[in-house]
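Each chain, written out:
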Amino acid sequence: MWDALLCLAPTVLLFFTAALFHWSPVRTLLERVATRVTRILWKAAYWVLELPTRTHGEWTNALRSDLTGPRLVCKPTALAHHLHLHCPTLLHPSLAAWPQGDPHVQTLASLLWPAEGPSGRGKVHFTRDHFLLSDGGIVALDWAVGLKDEPVVGARGEQHHGSCRTPGCRNSTLPILLVIPNCLGVVTPHLQQLSFLALHWGFCPVVFHRRGHGGCPLTTPRYQEFGDPKDLAQAVTYVHRRHPTATLLAVSEGSGSGLLLSYLGEYGSSSYLTAAACISPVLHGQLWFETPLPSLYHWGALYYRKLQISRYLSQTPSYASALSSVMDVGRLLRCRTLRDVEELMFCGSSSSKPTTGAPGEAQSWAEVAKAKAKDWESYWERNEPLRDADEVAVPVLCLCSADDPLVPPLSAPLMTLFRHSPYFLLALTTRGGHCGFAQSGSKVGSGGGDGHVTSTSSWSHQAVLEYFQVVGDFLKGEERGRGRRWASGQDVGGPAQGARLRSGTLLARRRRAVQAVHRKRHQSYQPSQSELPEEDLFTWNRSYTR
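Residues numbered from 1 in each chain as written. Predicted model: local features only at pLDDT ≥ 70, side-chain atom pairs only at ≥ 80, totals over all residues. Heavy atoms only, no water.

What about the environment of serine 110?
Right, so step 1: Residue position: serine 110 is located in helix 6 (residues 103–112).
Right, so step 2: Here serine 110 falls in the buried class, since its relative accessible area comes to 7%.
Right, so step 3: Serine 110 has contacts with Thr188, Pro189, His190, His434, Cys435 and Gly436, leaving out every residue within four places of it along the chain. (Helix = DSSP H or I, 4+ residues; strand = E, 2+ residues; numbered from the N terminus. Buried < 20%, exposed > 50% of the residue type's maximum accessible area, 1.4 Å probe, protein only. Contact = heavy atoms within 4.5 Å.)

Structure representation (structure tokens):
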């Protein structure tokens with residue numbers, strides 16, 4: 001008898017344990033304990049990896065002070081009013097909470113998680129087009145031509161379901177989306193997912209690679225400076241001439257915004273772009289290099305930068321000597337910070353040491369330090385992303401997160417720029433990490449390869465693409481209104497005075513390729529255009545000078 005009871009004891013114990021777990025108070029208590037233990041282990045991991053746990057105070061306080069207000073920081077123009085009415089994804093993000101919404105989890109996922117996911121679906125096929133620059137350098141343009149699970153049709157490749165034509169084909173129906181990676185030239189899974197979704201939304205993505213980045217050969221003894229837009233300007237001109245009737249748009253990721261914003265500021269109304277967007281942008285380049293990054297990201301970026309240079313030197317020995325003649329490669333590979341690498345590559349005095357010549361002619365360490373600081377300051381005078389912000393002539397959307405671990409908080413002058421410039425718009429979120437912006441209920445790397453998009457892991461993808469579509473509709477309406485005013489004799493300047501009307505093909509929404517996501521609109525008061533102050537009714541007529 002006792003033997004039978006002992007044999008049944010484990011079963012009875014499991015039965016009562018299961019019944020206890022199904023009791024609601026016990027289950028709630030266990031969930032709280034598990035959550036508390038997980039958070040403790042989470043903070044321990046932060047401490048071991050030396051990751052910051054606090055959000056940027058200035059941004060967080062500004063957002064928490066008015067959580068019910070609009071998250072769009074901009075000048076109250078007609079375009080801003082149009083975005084408030086027709087861009088719900090941008091204004092009402094559904095961002096993931098902890099733990100998926102942890103800033104470091106989102107940042108690392110955007111950098112490391114495979115874009116195609118465990119099933120291999122959603123991978124984008126690219127075809128490369130090398131472009132020879134005026135000084136003999138070479139940049140690369142990777143055109144998205146289709147998806148992994150869809151067959152490539154024809155010799156050059158043309159596909160269905162949101163496909164894009166290759167550089168040799170002229171397609172006047174699809175807007176071209178120029179994608180600019182970060183300053184290290186890494187095409188992250190975040191950008192691959194953006195290209196994947198852009199194909200389904202009816203865009204033609206093309207990734208721009210700087211000289212020496214992304215497998216592009218370095219045929220000149222120099223790399224591209226952080227904010228030097230000359231190479232990008234030649235590439236944009238090349239794309240425009242190959243596709244003269246296509247609408248050109250641009251989006252950058254992280255530190256790649258330095259190049260895009262520099263191009264928009266330096267070329268102003270002469271740029272061929274209709275609109276631009278920056279995801280987690282670096283708006284103050286010098287401050288970004290001088291602010292120490294968390295150790296995990298710092299050493300990863302520094303290792304990748306050195307690996308990129310050493311790999312180039314080993315694969316192209318013919319150009320290694322030429323590169324060594326303009327920079328100290330040995331010291332470059334021994335640098336311990338990204339600032340030292342940038343300074344040694346582009347500032348000549350960074351490798352200087354006190355030299356002894358004739359008596360009394362020795363160069364002191366103080367003189368070297370002074371010359372080094374002067375070179376560093378002059379470098380940023382010509383490379384700061386917003387040095388020519390007053391010349392920008394196209395709408396630029398910046399998506400920023402308050403808990404971004406890689407970008408310093410916005411300063412007061414930058415916030416003033418967004419509040420007073422009609423071309424700059426800032427979308428602030430309480431969480432999102434760096435280029436993360438994971439949505440609640442979405443899975444990282446999700447997306448179908450059968451011609452339908454079921455979900456996207458990043459809110460920034462949908463927000464940027466919807467922003468481009470809404471801006472295109474707005475500009476088309478402005479052009480029609482200007483045409484009516486000119487026809488009635490109210491506009492003496494003519495339809496555009498030689499302007500190129502670029503938004504005629506922007507943007508045909510491909511509904512068969514996108515599964516519609518129905519969202520309940522927030523019923524909030526939005527002022528009509530007639531209620532805006534008269535001085536804020538900015539006219540969006542551009543005078544093209546090229």
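What to know about helix 16 (residues 412–420)
Given 3.6 residues to a turn, an α-helix orients residues that are three or four positions apart in the same direction.
Right, so step 1: Within helix 16, the full set of buried residues consists of Leu414, Met415, Leu417 and Phe418. End-on, the buried residues of helix 16 take up no more than an arc of 150°, which puts them together on one face. Away from its buried face, by an angle of more than 90 degrees, helix 16 presents the exposed residues Ala412, Pro413 and His420.
Right, so step 2: Tucked inside the fold, the buried residues of helix 16 contact strand 1 (72–73), strand 8 (396–401) and strand 9 (424–429). (Arc of directions from axis to C-beta.)

Things to note about the environment of alanine 301
Right, so step 1: The topology assignment puts alanine 301 in helix 11 (residues 295–315).
Right, so step 2: As a C-alpha pair, alanine 301 and leucine 338 span 37 residues in sequence and 7.8 Å in three-dimensional space.
Right, so step 3: Leaving out residues up to four positions away in the same chain, alanine 301 has contacts with Leu184 and Leu338.

As for the pattern of salt bridges
Right, so step 1: One pass over the full model with this rule turns up 11 salt bridges.
Right, so step 2: The partner of aspartate 142 in a salt bridge is arginine 128, with the nearest N and O atoms 2.7 Å apart. Here aspartate 142, found in strand 3 (residues 138–147), pairs with arginine 128, found in strand 2 (residues 124–132); they are 14 residues apart in sequence, far enough to count as distant.
Right, so step 3: The exposure class assigned to aspartate 142 is buried, which follows from its relative accessible area of 11%.
Right, so step 4: Assessed through its relative accessible area of 31%, arginine 128 is described here as partly exposed.
Right, so step 5: Connected through shared salt-bridge partners, Asp135, Arg211, Arg222 and Asp231 make up one network. (Salt bridge = Lys/Arg side-chain N within 4 Å of Asp/Glu carboxyl O.)

Quick word on the confidence of the model for the protein
Predicted coordinates in regions of low pLDDT should not be interpreted in detail.
Right, so step 1: The predicted model of the protein has a mean per-residue pLDDT of 74, with 68% of residues at 70 or higher.
Right, so step 2: Throughout residues 349–363 the model reports pLDDT below 50, and contacts reaching past four residues in sequence, or to other chains, amount to 23 contacts.
Right, so step 3: Long-range and interchain partners of residues 492–537, a stretch whose pLDDT sits below 50, account for 93 contacts in this model, where long-range means more than four residues apart. (pLDDT = per-residue confidence, 0-100.)

A closer look at the packing of aromatic side chains
Right, so step 1: Within the structure shown, the criterion is met by 15 aromatic pairs.
Right, so step 2: Plain terms: the ring middles of phenylalanine 203 and phenylalanine 468 are 6.4 Å apart, the flat faces sit at 55° to each other, and that makes the pair tilted. Remark: phenylalanine 468 occurs in helix 17 (residues 459–487) and phenylalanine 203 occurs in the loop between helix 7 (189–200) and strand 5 (204–209); sequence separation between them is 265 residues. Across the pair, exposure class does not vary: phenylalanine 203 and phenylalanine 468 are buried alike.
Right, so step 3: When the centroid spacing of 5.4 Å and the interplanar angle of 45° are considered together, the rings of tyrosine 467 and phenylalanine 468 count as tilted.
Right, so step 4: Overall, tyrosine 467 belongs to the buried group, its relative accessible area being 0%. (Phe/Tyr/Trp six-rings, centres within 6.5 Å; stacked < 30°, edge-to-face > 60°.)

What to know about a nonpolar patch on the surface
Right, so step 1: Together, Leu8, Val12, Phe15 and Phe16 line one region of the surface with nonpolar side chains, adding up to about 430 Å² of accessible area.
Right, so step 2: Turning to its location among the elements, phenylalanine 16 is positioned in helix 1 (residues 2–21).
Right, so step 3: Given the relative accessible area of 53%, phenylalanine 16 is considered exposed. (Patch = residues over 30% accessible without salt bridge, like charges linked within 9 Å, V, L, I, M, F, W, Y side chains within 5 Å. Areas by Shrake-Rupley, 256 points an atom, 1.4 Å probe, with all protein chains shown as cover.)

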